[in-house]
Amino acid sequence: MTQTLVSLWADARKRLEAAGVDTPVLDARLLLEAGAGVARLDLVTDPRRAVSDLQVAAVDALVRRREAREPLSHILGKKAFWSFDLVVTPDVLTPRPETELLVEIALRALPADRPARILDLGVGSGAILLAVLWERPLAHGVGVDASTAALAVTQKNAELLGLERRIELRHGRWADGLGGAFDLVVSNPPYIPSDDIEGLAPEVARFEPRLALDGGADGLDAYRAIAPTLPRLLVRGGVFALEIGAGQAEAVLAVLQREGLSAVDALPDLGGRPRVVTGRRDGDAEKALGTGHAKH
Ligand SMILES: C[S@@+](CC[C@H](N)C(=O)[O-])C[C@H]1O[C@@H](n2cnc3c(N)ncnc32)[C@H](O)[C@@H]1O
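Worth saying up front: this structure is predicted, and the values here are computed from it rather than measured. Throughout, a residue's number is its position along its own chain's written sequence, starting from 1. Side-chain atom pairs in this predicted model are given and counted only at pLDDT of 80 or more, local residue features only at pLDDT of at least 70, and totals for whole chains, interfaces and linings cover all residues.

### Some words on the overall build of the chain
To keep things clear, this is the line we draw: Helix and strand assignments follow DSSP, with helices taken as H or I runs no shorter than four residues and strands as E runs no shorter than two, numbered in order from the N terminus. Between the buried cut of 20 or more and the exposed cut of 12 or fewer other C-beta atoms within 10 Å of a residue's own C-beta lies the partly exposed class, and all C-beta atoms are placed from the backbone. The contact criterion used is a C-beta to C-beta distance within 7 Å, with each C-beta placed from the backbone.
For the chain, the helix and strand inventory stands at 13 helices and nine strands. Projected onto its principal axes, the C-alpha positions of the chain cover 70 × 40 × 35 Å. By the burial criterion, 42% of the 296 residues in the chain qualify as buried. Taking all contacts inside the chain whose residues are at least 6 apart in sequence as the whole, residues at least 24 apart take part in 67%.

Put into structure tokens, the structure is as follows:
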């Protein structure tokens, strides 16, 4: 029987459903587009177009990888984040839509018409730092990562976005050896408790870098390492914003308060779950940012 675009899409969807993939319809469509070399518009305007054996084989190869629960971002080599696509490889965490909240909060701290220095600890694909630099043309950023392979991906993404002249990348452990004077420090550090990693979806547990996930026994190792460095890294009145995992708000706020960073808030994502902790150096009396709901 001759396969058409729409029959191939339906077959792929069924296979992905059976494999337990969360979003089989969308994933099947994106794999069909990539494998058969067609655009979304072709599926809408010409769904019964016949496909060649070569196209069928190419789509099958991609669907097999997804059936084995390899992340879509690894198969396609990219992931949409903020207002662009980022190159993604197995060396970096696939940027998550939730992390766009951290970008929004960071942008509130940086007036668009002023130069600023930004530090991203654990820069990975570059998602946060590049989105902030994209929106703030006068800003410059430093991105640190413990993985040189991840830094190669950051560099590639910076070049693709034309931002490479405004970033400096450093291989190292958090802020070790770094001087201060940053207006903004952001981080989405690894925060999964070590023993929880095996229980995560196979896309995460089997395919994402352990270094990007593992937050130590209670998930808080990175916050304990980063918090004491914030007062020296930030200019007076400078802002920090850290992504946190589920149920970590109280504990992370306590870690920060121990360092004298008293004006701290935990800001919720659209689901109402505290997702980003933020504050200013010196514990200025005013709230750092945002509306302050979910204050602790
Ligand atoms: C959760 S990923 C976040 C990546 C990216 N910023 C994002 O939001 O998509 C954490 C990153 O921290 C890096 N990392 C882990 N331990 C580190 C350390 N001790 N020092 C610097 N970077 C580290 C990992 O390699 C990884 O790229």
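### Points about the site of the ligand
As a reminder, the rule being used: We call a residue near a molecule or strand if the C-beta atom, set from the backbone, is within 6 Å of it. By the convention adopted, Pro, Cys, Tyr, Trp, Phe, Met, Ile, Leu, Val and Ala count as nonpolar, Lys, Arg, Asp and Glu as charged, and the other residues, Gly among them, as polar.
Within the structure, the ligand sits among 22 residues, and G122, G124, A146, N188 and A212 are positioned closest to it. If you list the elements that add at least two residues to the shell around the ligand, you get α7 (127–135), β4 (139–145) and α10 (210–213). Of the residues assigned to the shell around the ligand, the class counts are 14 nonpolar, six polar and two charged.

### Concerning the domain arrangement of the chain
Put simply, an interface is often sized by how much accessible area is lost when its parts join up. Defined as follows: The start and end points of each domain follow an automatic or database-based domain assignment.
Annotation of the chain at the domain level lists domain 1 (5–68) and domain 2 (81–283). Inter-centroid distance (C-alpha atoms) of domain 1 to domain 2 is 35 Å.

### Overview of the pairing of strand β7 (residues 234–243)
Put simply, the rule is: Any two strands are treated as partners once DSSP identifies two or more bridges connecting them.
Within β7, seven of the ten residues are buried, leaving the element largely enclosed by the surrounding structure. Sheet topology places strand β6 (residues 182–187) next to β7; five bridges connect them, and they run parallel. Among the inter-strand pairings, L184 is bridged to a residue of β7, identified as V239. Bridge count between β7 and strand β9 (residues 274–280): five bridges; the pairing is antiparallel. Counted as the bridge partner of F240 is G279 from β9.

### Some thoughts on the environment of L161
Assignment of secondary structure puts L161 in the loop between α8 (148–160) and β5 (167–171). Note on L161: 18 C-beta atoms within 10 Å, which makes it partly exposed. In this structure the C-alpha to C-alpha distance between L161 and W134, which are 27 residues apart in sequence, comes to 8.1 Å. If near-sequence neighbours (up to four positions away) are discounted, L161 is found in contact with F84, L130 and W134.

### Some remarks on the nonpolar core
As a rule of thumb, nonpolar side chains are buried together in soluble globular proteins. This is how the line gets drawn: In these notes, a nonpolar core means any group of buried Ala, Val, Leu, Ile, Met, Phe, Trp, Tyr and Cys residues linked to one another through C-beta atoms within 7 Å.
Counting residues in each nonpolar core, the largest one holds 64 residues, and the members touching the most others are V185, V252 and V277. Residues L5, A12, L32 and V59 belong to the second largest nonpolar core, which totals 16 residues.

### Considering the confidence of the model for the chain
Keep this limit in mind: Confidence of the predictor in every single residue is expressed as pLDDT, which spans 0 to 100.
Overall, the predicted model of the chain reaches an average pLDDT of 93, with 95% of residues at or above 70. Considering only residues more than four positions removed or in separate chains, one finds that residues 283–296, a stretch of pLDDT under 50, has 36 contacts.

### Observations concerning the environment of A149
Relative to the helices and strands, A149 resides in helix α8. With 13 C-beta atoms packed within 10 Å, A149 lands in the partly exposed category. For the pair formed by A149 and S52, sequence separation is 97 residues and the distance between their alpha carbons is 38 Å.

### Describing helix α1 (residues 5–18)
Quick reminder of the rule: Expected helix span is given by 1.5 Å per residue-to-residue step, counting one fewer step than there are residues.
Taking 1.5 Å per residue as the helical rise, α1 with its 14 residues ought to reach 20 Å, and the 20 Å between its terminal C-alpha atoms agrees with that figure. As for α1, its buried residues are in contact with α2 (24–36), α3 (40–45) and α4 (53–67). Downstream of α1 by a residue or two, G20 has a phi angle that is positive, lying close to 85 degrees.

### Some points on unusual backbone geometry
Although it is not a glycine, R69 sits at a positive phi angle of roughly 70 degrees. With respect to the element layout, R69 can be found in the loop between α4 and α5 (72–76). Of the residues examined, R69 has 17 C-beta atoms within 10 Å and is grouped as partly exposed. At W82, a position not held by glycine, the phi torsion is positive, near 55 degrees. Exposure remark for W82: the 19 C-beta atoms within 10 Å place this residue in the partly exposed category.

### Some details on the sheet that holds β6
So the rule is basically this: Here an angle of 0 to 180 degrees is reported between the N-to-C directions of two axes, which are lines fitted to C-alpha atoms, with helices fitted over the stretch in contact.
Pairing in this open sheet of seven strands is mixed, and the strands run β5-β4-β3-β6-β7-β9-β8 from one edge to the other. Each end of this open sheet is capped by a strand with a single partner; those strands are β5 and β8 (265–268). Sheet twist, expressed as the average angle between the axes of neighbouring strands with direction ignored, equals 20 degrees. Pairing geometry for strand β3 (residues 116–121) and β6, over four bridges, is parallel.

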